[in-house]
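Single-letter residue listing:
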Amino acid sequence: RIIFRSDQEPAIKDLKNVYKKVSVADCAMEETPVGDSKSAGSIENYIKQVQGMIRTYILAVESRLGAELPEDHALIPWIVKHAAASINRYQVGDDGFTPHRRLRGRNFRKEMLEIGEGVWYLKPKSKGVNKMASRWSTGIYLGVREESNEVIVGTELGVIKVRTIRRKGSKGE
């Protein structure tokens, strides 16, 4: 049984109704009273935690770069996703489990780097292609894809998913 609880915003109500029509699961729809944010307390608390984590990550990136990130910077959406994923993977609840463990039955075990950190990545499908060329290239760490545990890396050509990365040395190799 799935319970969808939201405010009474028309767009979210429409989305819930569409899902209820196509879902094979037993769905119940709940709405919070208008103007009563306390009735969605755990959600409001989670939002505050994610916002705090986003601020922390932005300050960390700015400190590393020695410059301020504008609000429309391409890294901001990745920071938001990384902040929520970090809380889901590492914040232990009252039951002693993380949300990730409750959902997947095991703890998250992949190494996490700082968002925006420089990395070396093994180019996908590079084995045996050109034996004289390097199979490694450089990019920036953007997170881990939850569905496949692939690492998301930003490169000069765009964003790619890879299996293997290595941290760059402190001198920026």
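These numbers were taken from a predicted model, which means no experiment stands behind them.

Novice: Run through the sheet that holds strand E5 (residues 151-155), naming residues and quoting values.
Specialist: Strand order in the open sheet formed by 5 strands is E6-E5-E4-E3-E7, and the pairing between neighbours is antiparallel. On the outer flanks of this sheet lie strand E6 (158-162) and strand E7 (165-167), each paired with one strand and no other. Each neighbouring strand pair of the sheet contributes to a mean axis angle of 45°, computed without reference to strand direction. Bridging between E5 and E6 involves 5 bridges; their strand directions are antiparallel. Paired with Thr155 across the two strands is Gly158, which belongs to E6. Seen against the sheet, helix H3 (residues 76-90) touches strand E4 (136-144), E5 and E6 and runs at an angle of roughly 60° to E4.

Novice: Tell me about the nonpolar core, and please be specific about residues and values.
Specialist: Grouped together as the largest cluster of nonpolar side chains are 14 residues, with contacts concentrated most on Ile54, Val61, Leu69, Leu75, Ile79 and Ile115. Breaking this core down by element, the ones donating at least two residues are helix H2 (41-65) and H3. It is H2 that provides the largest number of residues to this core, a total of 5 residues. Ignoring anything within four residues of it in the chain, the contact list for Leu75 reads Val61, Leu69, Ile115, Gly116, Ile140 and Leu142. Within the second largest apolar cluster, 11 residues are counted, among which are Val119, Tyr141, Val151 and Ile165.

Novice: Provide a residue-level description of a nonpolar patch on the surface, including the pertinent values.
Specialist: A surface patch of nonpolar side chains, about 290 Å² in accessible area, is lined by Val18, Tyr19 and Val22. Mapped onto the fold, Val18 is located in helix H1 (residues 10-22).

Novice: Can you lay out the pairing of strand E3 (residues 118-122) for me, pointing to particular residues and giving the numbers?
Specialist: In E3, alternate side chains face the same way, and those of Val119 and Tyr121 are buried while those of Gly118, Trp120 and Leu122 on the opposite face are not. In the sheet, E3 pairs with E4 via 5 bridges, with the strands oriented antiparallel. Its bridge partner lying in E4, Val119 is registered against Gly139. Pairing between E3 and E7: 3 bridges, direction antiparallel. Within E7, the residue paired with Trp120 across the bridge is Arg166.

Novice: A description of unusual backbone geometry should follow, citing residues and the corresponding values.
Specialist: The phi dihedral of Asn149 is positive, around 65°, even though this residue is not glycine. The topology assignment puts Asn149 in the loop between E4 and E5.

Novice: Quick rundown of the side chain of Glu62? Include the residues and the values.
Specialist: As for its placement among the helices and strands, Glu62 is situated in helix H2. Arg55 provides the closest opposite charge to the buried, unpaired Glu62, separated from it by 11 Å. For Glu62, the contacting residues outside a window of four places in its chain are Ala67, Glu68 and Leu69.

Here is what the cut-offs are and how they apply
Residues numbered from 1 in each chain as written. Predicted model: local features only at pLDDT ≥ 70, side-chain atom pairs only at ≥ 80, totals over all residues. Heavy atoms only, no water. Pairing = 2+ DSSP bridges. Helix = DSSP H or I, 4+ residues; strand = E, 2+ residues; numbered from the N terminus. Axes fitted to C-alpha atoms, helices over the stretch in contact; angles between N-to-C directions. Contact = heavy atoms within 4.5 Å. Core = buried A, V, L, I, M, F, W, Y, C linked by side-chain atoms within 4.5 Å. Buried < 20%, exposed > 50% of the residue type's maximum accessible area, 1.4 Å probe, protein only. Patch = residues over 30% accessible without salt bridge, like charges linked within 9 Å, V, L, I, M, F, W, Y side chains within 5 Å. Areas by Shrake-Rupley, 256 points an atom, 1.4 Å probe, with all protein chains shown as cover. Salt bridge = Lys/Arg side-chain N within 4 Å of Asp/Glu carboxyl O. Lys, Arg positive; Asp, Glu negative; His and termini not counted.

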